[in-house]
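The lines below spell out each chain.
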Amino acid sequence: MTPWTQVWLLSKREFVERGRSKPFLVIMAIIAVAIIAVGPVTNALSGGEPEATTVGLVGTELPGIEDELRTQGDLFEIEIDVVRFAATDAAENALEDGDADVVLADGNRVVFHDDTSVRLTALIQRSVDTVVTESTLEGLGLSESEIEAVQNPVQVSVATIEETDPQEDAKRGAAFVGAIVLYISIIMFGSFVATGTVEEKQNRVVEVVLSRVRSWQVLVGKVAGIGLLGLLQLAILLGAGYTSAQLAGLTDIDVAAIGLPIIAGVFFWFILGYVFYAFLYAAVGSTVSRQEDLQGAIMLPIVLIVPGYLLAIAAAENPDGLLPRIGSLLPMWAPFVMPVRTAAGVAALWEIAVAVIGSTVGAIALVWIGSRVYRGALLRTGTKVKVTDAWRAAAE
Amino acid sequence: MLTITDVHKRFGDVVALNGAGFSVERGRILGFLGPNGAGKTTMMRVIFDLVHPDGGEVTWNGSPVDAEARLGFGYMPEERGLYPKMKVGSQLVHFARLSGLSHSDARRAVDHWLGVLGIDDRADAKLEELSHGNQQRAQLAAALAPSPELLVLDEPFAGLDPIGVDSLSETLRELSSDGVTIVFSSHQLDLVEDVCQEVAIINEGRVVLDGNLAQIKAQSTRRRLTTDVDGRPWIPDLPDIEVVSNHGQVHCVVSEDAPVADILAAAEAAGRVTRFAFEPPHLTDLFREAVQS
């Protein structure tokens, strides 16, 4: 029996016992279903297509105005429906009831319900100009090409000086969701490590375990078993999110091209962030002997994690802001912030390297510090053990 | 053979072990005795390196005990504890596997011991669903399932009913005749006297008396003297006498060369002698003497 075989047995127990606990399975199923539902529900609520704008016509009608309104609608990127009213009363009632958004009366008056719209006014003005000018020019005997030359003498071209990524919003949104999933997962599975540690102390089973294996094996087995469960949950949640995005019918967005790198990033940073925080959770968990005392003890990791989460939200808004940039380089926050900045495509290669190396070194340091506190505090029951006392006790 | 030599352990200002040691031959049962706080539990934890001693040595068959050797030891700590929400059978298999058994061997050993201890019908129940006594049995099974060569039990009889005490005593005797070395602590000295061939008494971190119980008794210069006159305890007038009153039973501990004939004559002069016993000291007498001196 090698030490690593024992570690494997310990981690298997953590994985199986925690993985089949009912509260865990229920919560996981609820979250997964909720995530899958988000896509189709959003799709249904937004109705898929934007609503058309209804223009009412009443009184004397300019010939060809309906076609021209539609043509101008295409240019203004507004879908136009046209309805005709027999009388001004009926048209006003339609405005009142919202059956029409705007009414063109006698070809020269634009009537809104209460708020006026500059875009719609301009659209109608241009439509009226076009049909009236056209009939005037026709009356003067101009040919069709001459009329066209007068109507549209110069076609301006449109350009931007910076190229924008049409999928940028989708990328940031997905990275933001990834950051939330990371945050929830690290807090959840870190807490499992702390709770599991206290349970073993509270139930006194720790002495039975430690008569067979060393404390580092218990710790590594616990972190690994719960971490594997975390990876499984991540796979399920991210899979659900991916499915949800595909069900949402995002036709103009390449879900695979955006989603898969983010999913890979979340997995990568979960491993680093989880290892970093799991050993911290284990260390603080080992200093108390009862679940009731745990709430206070796990404030330390939570106080460290929450700013990381806030910075990740800030990074989703403004990935190149000063605070997100700094946060993405620091070991304790990089796991939350860096995946968002990487997904937004703004993180320089050296920044990613600093974040990865820093977090790895930080995680190794916490494995060492956490293990030592854990070893020193594990067999001390009763009152809360001071971290410094546990540190010293481990040397004895 | 388990040999513990000159073990020292200090927790801050408290000296828990101060040069303690004893040894037990293979297949023998040693009762490990001492007042509360004498260092019994610390000593047992030292065997499993749960407490790392400041000095001293623990050897098994002549070699220092390491992690590998420890896997051949079974331990039942004073603070009982198993996983409350895990099924009894599967957690015992887990512990047996941690001690190095293959899955099938672990399964077989657990089934065997659950059967011997009479809780094989509860293998699929969660530990927390078991009665207190059955949880105690499961705890013992966890120590026994890996078929240890050395069994260390901290207060194994605490909390057992008389039938449980009898069956545990019987189990320990059988294990010992199979060659298992057993060390257990207890405050029930009559039980220790009944079950153990060897004793070690620890007081204030030092082993003050240890060895074969029969030999210790034989070598003792003290004798237990019990005299009742007219049905009531009667105390002779002797210089070197210790009177022990225990739950209404009164006896004296005197020197081996006490004038037995004179004492009996004096007792007869006082009334009708209904009881007169002059015998080797019991373990309680030895214990009291060792701890008080």
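Read on for an overview of the structure. No experiment lies behind these values; they were computed from the predicted model shown.

### Details of the nonpolar core
Within the largest apolar cluster, 153 residues are counted, with the highest numbers of intra-cluster contacts made by A278 and A282 of chain A together with L92, V110, A141 and A145 of chain B. With 18 residues, the top contributor of residues to this core is helix α10 (residues 255–286) of chain A. Of all hydrophobic cores here, the second largest spans 13 residues; its members include V58, A91, V103 and I124 of chain A.

### Some remarks on helix α3 (residues 88–98) of chain B
Within α3 of chain B, ten of the eleven residues are buried, which leaves the element mostly enclosed by the surrounding structure. By the burial criterion, the buried members of α3 of chain B are V88, G89, Q91, L92, V93, H94, F95, A96, R97 and L98 of chain B. Considering only its buried residues, α3 of chain B is in contact with α1 (3–19) and α8 (205–210) of chain A together with α4 (103–116) and α5 (132–144) of chain B. Just downstream of α3 of chain B, G100 of chain B is the residue with a positive phi angle, here 110 degrees.

### Quick look at the interface of chain B and chain A
Contacts between chain B and chain A engage 21 residues on the former and 17 residues on the latter. If one sorts the elements of the side of chain B that touches chain A by residue count, α3 of chain B sits on top with four residues. Counted by class, the side of chain B that touches chain A contains 13 nonpolar, five polar and three charged residues.

### Focus: the sheet that holds strand β6 (residues 73–76) of chain B
Strands belonging to one sheet form pairs held by backbone hydrogen bonds; the direction of such a pair is parallel or antiparallel. All names here are of chain B. With mixed pairing, the six strands of this open sheet are ordered in space as β6-β7-β8-β3-β9-β10. Across the chains shown, the open sheet's two edge strands, defined by having one partner strand only, are β6 and β10 (206–212). Looking at each pair of strands side by side, their axes are set apart by 15 degrees on average, direction ignored. Inspection of the sheet shows strand β3 (residues 29–33) paired to strand β9 (residues 198–203) by four bridges, in the parallel sense.

### Thoughts on the pairing of strand β13 (residues 241–246) of chain B
All names here are of chain B. As paired strands, β13 and strand β14 (residues 249–255) are joined by six bridges and run antiparallel to one another. If you follow N246 over to β14, its bridge partner there is Q249. Counted between consecutive antiparallel strands, the loop separating β13 from β14 contains two residues, among which H247 sits at a positive phi close to 50 degrees.

### Points about unusual backbone geometry
Residue and element names in this part refer to chain B. For D6, which is not glycine, the phi dihedral falls at a positive 50 degrees. With respect to the helices and strands, D6 occurs in strand β1 (residues 2–11). Take D6: there are 13 C-beta atoms within 10 Å of it, and that puts it in the partly exposed class. Of note, the phi angle at D49 is positive, near 55 degrees, even though the residue is not glycine. You can see D49 is positioned in the loop between α1 (40–47) and β4 (55–60).

### Considering the environment of H112 of chain B
Residue and element names in this part refer to chain B. Within the element layout of this structure, H112 appears in helix α4. Classification of H112 by C-beta neighbours within 10 Å gives partly exposed; the count is 15. Measuring from C-alpha to C-alpha, the distance between H112 and A145 comes to 8.1 Å, with 33 residues separating the pair along the chain.

### Thoughts on the packing of helix α9 (residues 215–247) of chain A against helix α15 (residues 349–377) of chain A
Residues and elements named next belong to chain A. Packing of α9 against α15 leaves a shortest axis separation of 9 Å and a crossing angle of 120 degrees. By the angle between their axes, α9 is oblique relative to α15. For the pair α9 and α15, the crossing hand works out as right-handed. Across the interface between the two elements, S215, W216 and L219 of α9 pack against S371, Y374 and R375 of α15. Grouping the amino acids of the contact of α9 with α15 by side-chain chemistry returns three nonpolar, two polar and one charged.

### Quick word on the sheet that holds β1 of chain B
Residues and elements named next belong to chain B. One open sheet accounts for four strands, arranged β2-β1-β4-β5; its pairing is antiparallel. Lying at the two open borders of the sheet, with one neighbouring strand each, are β2 (14–24) and β5 (63–64). Two elements, β4 and β5, share two bridges in a ladder whose sense is antiparallel. Among the inter-strand pairings, W60 is bridged to a residue of β5, identified as S63.

### Description of the packing of helix α3 (residues 65–76) of chain A against helix α5 (residues 118–139) of chain A
All names here are of chain A. At a minimum axis distance of 9 Å, the contact between α3 and α5 shows a crossing angle of 130 degrees. Viewed along their axes, α3 and α5 adopt a mutual orientation that is oblique. Like other packed secondary-structure pairs, α3 and α5 cross with a definite hand, here right-handed. Along the contact surface, α3 presents I65, E68, L69, Q72, G73 and F76, while α5 presents R119, L123, R126, S127, T130 and V131. Within the contact of α3 with α5, the residues separate by chemical class into five nonpolar, four polar and three charged.

So, how was this worked out
Residues numbered from 1 in each chain as written. Chains lettered and ligands numbered in written order. Predicted model: local features only at pLDDT ≥ 70, side-chain atom pairs only at ≥ 80, totals over all residues. Core = buried A, V, L, I, M, F, W, Y, C linked by C-beta atoms within 7 Å. Buried ≥ 20, exposed ≤ 12 C-beta atoms within 10 Å, placed from the backbone. Helix = DSSP H or I, 4+ residues; strand = E, 2+ residues; numbered from the N terminus. Contact = placed C-beta atoms within 7 Å. Nonpolar A, V, L, I, M, F, W, Y, C, P; charged D, E, K, R; others polar. Pairing = 2+ DSSP bridges. Axes fitted to C-alpha atoms, helices over the stretch in contact; angles between N-to-C directions. Parallel < 35°, antiparallel > 145°, perpendicular 65-115°, else oblique. Left-handed = near helix turned anticlockwise from the far one by under 90°.

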